[in-house]
Amino acid sequence: MKRRPLIRYQRSSDNSRSIALDMWRLMYEQESSLFDFRRSNGMTVLLVLDRLDDPVTPLLTQWTYQAMVHELIGLHHHRLDLRSLTGRASKDQGEVVLSPLQDPFYSQHMYDNYGDLGLAVKGLVDDFQVASKSNTNISSIEEMQRFVENYPEFRSKSGHVSKHVTVLSELNKTITQRCLMAASAQEQELACSSNMTAHHMELTALLNDPKMHEDEKLRLVILFALRYEQEVGGARLRDQLLNLLGGLGCSKSKLATVVGVLQAAGAETRTGDLFGTKTFSARASKMVSSLKGVDNVYTQHQPLLSQTLENLAKGKLKEADYPTLGTAMQTRERPLEVVVFLVGGTTYEEARAVAQLNLQAAREGGMRVTLGGTMVHNSKSFLDHISERMKAMEDHRY
């Protein structure tokens with residue numbers, strides 16, 4: 001990139017501050033000559049944030065292709081192990097690559113929602129069937145030669161189609177088995193609206209549903225605990241849900257993660273306005289959004305990162321909450337380029353939000369964003385991280 005950015009960090013996070021200081025010393029003191037680039041048009045900002053400022057995003061069921069695969073099957077360095085999908089992968093399929101750089105279909109549809117993805121895969125199958133039929137009528141040497149020349153491409157397309165059909169079939173099976181649509185609708189309600197009594201009644205009914213997977217039930221209780229942490233009566237209703245979940249057989253170690261999330265990412269430790277309730281303008285914006293409605297009830301949630309980047313682009317990101325290292329003279333200038341680093345990991349929902357911002361910037365002009373982090377979370381890895389944090393704190397205590 002050949003940039004020496006202005007460095008800002010989340011004040012409430014010791015980890016963010018530590019990384020920001022290390023980067024500042026490297027760029028401005030220890031190796032300043034390496035970063036002494038000619039000033040480009042517009043300012044570049046390195047913004048160091050903490051995953052725990054937004055514990056909601058990694059807990060939500062995902063409904064876009066890339067994020068669904070990571071949440072429901074597991075995507076590691078763009079690789080997907082189809083051998084674990086018993087009876088669904090063909091014999092010549094093992095570990096496959098889902099990368100936008102190598103798979104044009106995936107590149108085009110990685111941010112599509114579940115319904116649009118199904119239509120896109122059907123179109124892919126239909127196109128392949130047309131190509132297959134054209135290869136069955138070989139009646140001359142010239143046609144035979146043409147088929148042989150095109151056979152590697154034909155075989156490649158066959159594997160390509162088979163891969164996406166297999167993945168979509170597995171996603172569909174998992175969604176049905178785990179009642180994810182019902183769980184996700186309630187997750188979105190908890191993330192995007194406030195009605196404690198109604199939400200408690202709805203969660204009680206869902207926790208008693210034997211068809212719903214225990215992991216979904218646990219995530220719903222965590223979201224309830226986060227949403228109503230500071231509400232009068234919220235702790236009492238949360239404990240009722242925990243007792244119900246425990247009575248249904250949920251282990252004590254899993255139940256403990258509810259308190260673990262509150263300790264690590266509760267209201268007292270967060271900087272951002274996670275639920276859009278801290279300021280009048282945030283509440284008004286949320287009200288307008290609810291009146292307008294949303295295209296898809298399962299994807300109405302917007303990660304906190306979107307709000308943070310919007311504030312940064314408008315010059316409204318508070319210096320008190322996100323201080324600048326070194327001179328603060330340039331902070332009034334609106335950046336044209338931002339590198340975001342999330343300590344503790346990012347998510348594919350946030351990657352999609354950044355991609356949408358960059359598309360808008362390409363069309364209309366504006367701030368370009370590059371997103372990075374220590375890892376890419378799904379709900380399991382995030383809760384594992386919370387459990388490891390709790391264990392480390394317990395070991396340190398003794």
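In this text the structure is predicted, and so the values were computed from the model without any measurement.

## What about the overall build of the protein chain?
Working step 1: When helices and strands are counted, the protein chain shows 14 helices and eight strands.
Working step 2: When each of the 398 residues of the protein chain is scored for burial, the buried share is 43%.
Working step 3: Taking contacts inside the protein chain between residues at least 6 apart in sequence as the whole, the part at least 24 apart equals 77%.
Working step 4: Carbon and sulfur atoms provide 52% of the accessible area of the protein chain, an area that totals close to 21600 Å².

## Points about the pairing of strand 2 (residues 43-50)
Here is the key point about a regular strand: its side chains alternate between the two faces of the sheet.
Working step 1: By the criterion of burial, strand 2 is predominantly enclosed, with eight of the eight residues buried.
Working step 2: The two faces of strand 2 match: M43, V45, L47 and L49 on one face and T44, L46, V48 and D50 on the other face are all buried.
Working step 3: Pairing of strand 1 (residues 6-9) with strand 2 involves four bridges; the strand directions are parallel. Each residue of the ladder has a partner; that of L6, found in strand 2, is V45.
Working step 4: Two strands pair when backbone bridges link them, and strand 2 and strand 5 (residues 335-343) are joined in this way by eight bridges, in the parallel orientation. If you follow M43 over to strand 5, its bridge partner there is P335.

## Comments concerning the pattern of salt bridges
Working step 1: Applying the stated criterion across every chain yields a total of 17 salt bridges.
Working step 2: With a closest N to O distance of 2.9 Å, K314 and E310 form a salt bridge.
Working step 3: One network of salt bridges, in which partners are shared, links R178, E187, E216 and R219.

## Looking at the environment of L223
Working step 1: Position of L223 among the secondary structure elements: in helix 8 (residues 214-227).
Working step 2: For the pair L223 and P55, spaced 168 residues apart in sequence, the C-alpha separation works out to 8.8 Å.
Working step 3: What L223 contacts, discounting residues up to four positions off in sequence, is V56, L59, L60, E187 and L190.

## Quick word on the confidence of the model for the protein chain
Working step 1: Mean pLDDT over the protein chain: 87, with 84% of residues reaching 70 or higher.
Working step 2: For the stretch residues 290-294, pLDDT sits under 50, and the model shows one contact to residues farther than four places along the chain or on other chains.

Criteria and cut-off values
- Residues numbered from 1 in each chain as written.
- Predicted model: local features only at pLDDT ≥ 70, side-chain atom pairs only at ≥ 80, totals over all residues.
- Heavy atoms only, no water.
- Helix = DSSP H or I, 4+ residues; strand = E, 2+ residues; numbered from the N terminus.
- Buried < 20%, exposed > 50% of the residue type's maximum accessible area, 1.4 Å probe, protein only.
- Contact = heavy atoms within 4.5 Å.
- Areas by Shrake-Rupley, 256 points an atom, 1.4 Å probe, with all protein chains shown as cover.
- Pairing = 2+ DSSP bridges.
- Salt bridge = Lys/Arg side-chain N within 4 Å of Asp/Glu carboxyl O.
- pLDDT = per-residue confidence, 0-100.

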